[in-house]
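Examination of the molecular architecture
The chain contents come next:
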Amino acid sequence: MRWLALVALLLAVPPARAQAPAPAPAPSAATLPEVEPSGFQARVLPERVLVGEPFTYELVITHPADQRYELDLPSDLGDFELLSQSREPPRAGVEPAVTTFRLKLSAFNLGMMSLPAVPFIVSTPEGPQRFVAEPRTIEVGSTLPPDADSQGADLKDIQPPTEVAIRSWMLLWVLAGLLVAAAVGYVAWRFFQKYRGRSREVVAPPAPLDVRIRKALDSLKSEDLPTQGKVKDFYFRLSEILRGYLGERYGFDALECTSSELMTKLRRLPTPGLPEDGLLRFVSESDMVKYARAESSPDSCREALAFGYELLDKTWPPPPPPEAVPVSHASGPQRLP
């Protein structure tokens, strides 16, 4: 039975798995073999800049078409700051190939500065290789004038925070707001005073219609327009007075009616005392003078004005008679004086 237990033990233990080999670490760029391009040119544009002023570092690499150059810039460029970079690839089918790199940099130190070395990773048929462009120099000048030291305008160390007066228009805005508020208040006060004064005025009731019409006829008579050659104006004024009276007296818009519409409306209404023939004659004569340029003598104008008074007298109802006061008779004999 011992051999059965040994077999069971062997079956229970899982076989050891072979571990996969760990991937080989990627080769460092510094350890790659060096390669030299067919040609290399570098220039700095411009060759002299002021501190902090951007400039362009152009690198032109001529190489076989089966190679590819890529920048491998370090993160720390020392006294220089990388603003932007661009790569202009070679033209297809052109041998040898030309790849152009442009770095936009700025310097933050003075004097003749040596640009940092620019490394490239080169893809070749034999594998990745490395090319490092030799550094170039650039002159960095100061932004201060040449006589800065003598004038006391040399560079100073960082100063602690100080209060700086800033121009503010807040006071002017506040004053303008106060002036606007005062102006609005003054206008509101004047309006209130004017409105309150109007509210205190006692509005007199309008005069009776016959009084107003008679006053208008008297005013037209006193102007004596026909003797001034203003016959047309006279008939316009008289027609407007009489039409306004008839419309207000019988309750319709007589001023907007034509002559035929005026007579038709008056015939449909109860108009006791209305001199219809005289009104028809006046309306016809008035239309001829106003619209047909007919002539009218001063006597005809006086007759037309007299008809206006006649129309008012015949159509305006007289005031009711006063009520009679009953007289009480005392009983018994009256004593004679």
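Quick caveat, the model's predicted, so the values are computed rather than measured. (Residues numbered from 1 in each chain as written. Predicted model: local features only at pLDDT ≥ 70, side-chain atom pairs only at ≥ 80, totals over all residues. Heavy atoms only, no water.)

1. Considering helix α7 (residues 276–291)
With 16 residues, α7 ought to run about 22 Å at 1.5 Å a step, and its terminal C-alpha atoms sit 22 Å apart, in line with that. Every buried residue belonging to α7 is among Gly278, Leu279, Phe282, Val283, Ser286, Val289 and Lys290, and all of these are buried. An end-on view of α7 places all buried positions within 135° of arc, on one side of the element. Those residues of α7 that are exposed and angled more than 90 degrees off the buried face are Asp277, Arg281 and Tyr291. Buried positions along α7 lie against α5 (231–250), α6 (259–268) and α8 (298–315). (Helix = DSSP H or I, 4+ residues; strand = E, 2+ residues; numbered from the N terminus. Expected span 1.5 Å × (residues − 1). Buried < 20%, exposed > 50% of the residue type's maximum accessible area, 1.4 Å probe, protein only. Arc of directions from axis to C-beta. Contact = heavy atoms within 4.5 Å.)

2. Topic: the pattern of salt bridges
Going through the model one piece at a time under the given rule, you end up with 13 salt bridges. Put simply, Glu248 and Arg212 hold a salt bridge, and the shortest N to O gap is 2.8 Å. Taken as a pair, Glu248 in helix α5 and Arg212 in helix α4 (residues 209–223) lie far apart in primary sequence, 36 residues in all. Look at Glu248 and you get partly exposed, because its relative accessible area is 46%. For Arg237, the salt bridge identified is with Glu223, shortest N-O distance 3.1 Å. (Salt bridge = Lys/Arg side-chain N within 4 Å of Asp/Glu carboxyl O.)

3. Looking at the pairing of strand β8 (residues 118–124)
Of all the seven residues making up β8, five are buried; the element is thus mostly covered by neighbouring parts of the structure. Across four bridges, the pairing between strand β4 (residues 68–71) and β8 is antiparallel. Residue Arg68 lies in a different strand from β8, and its bridge partner there is Ser123. Bridge analysis of β8 against strand β9 (residues 127–133) gives seven bridges, and the strand direction is antiparallel. Bridge pairing in β9 places Pro119 opposite Val132. Counting the residues between successive antiparallel strands, the hairpin from β8 to β9 contains two residues. (Pairing = 2+ DSSP bridges.)

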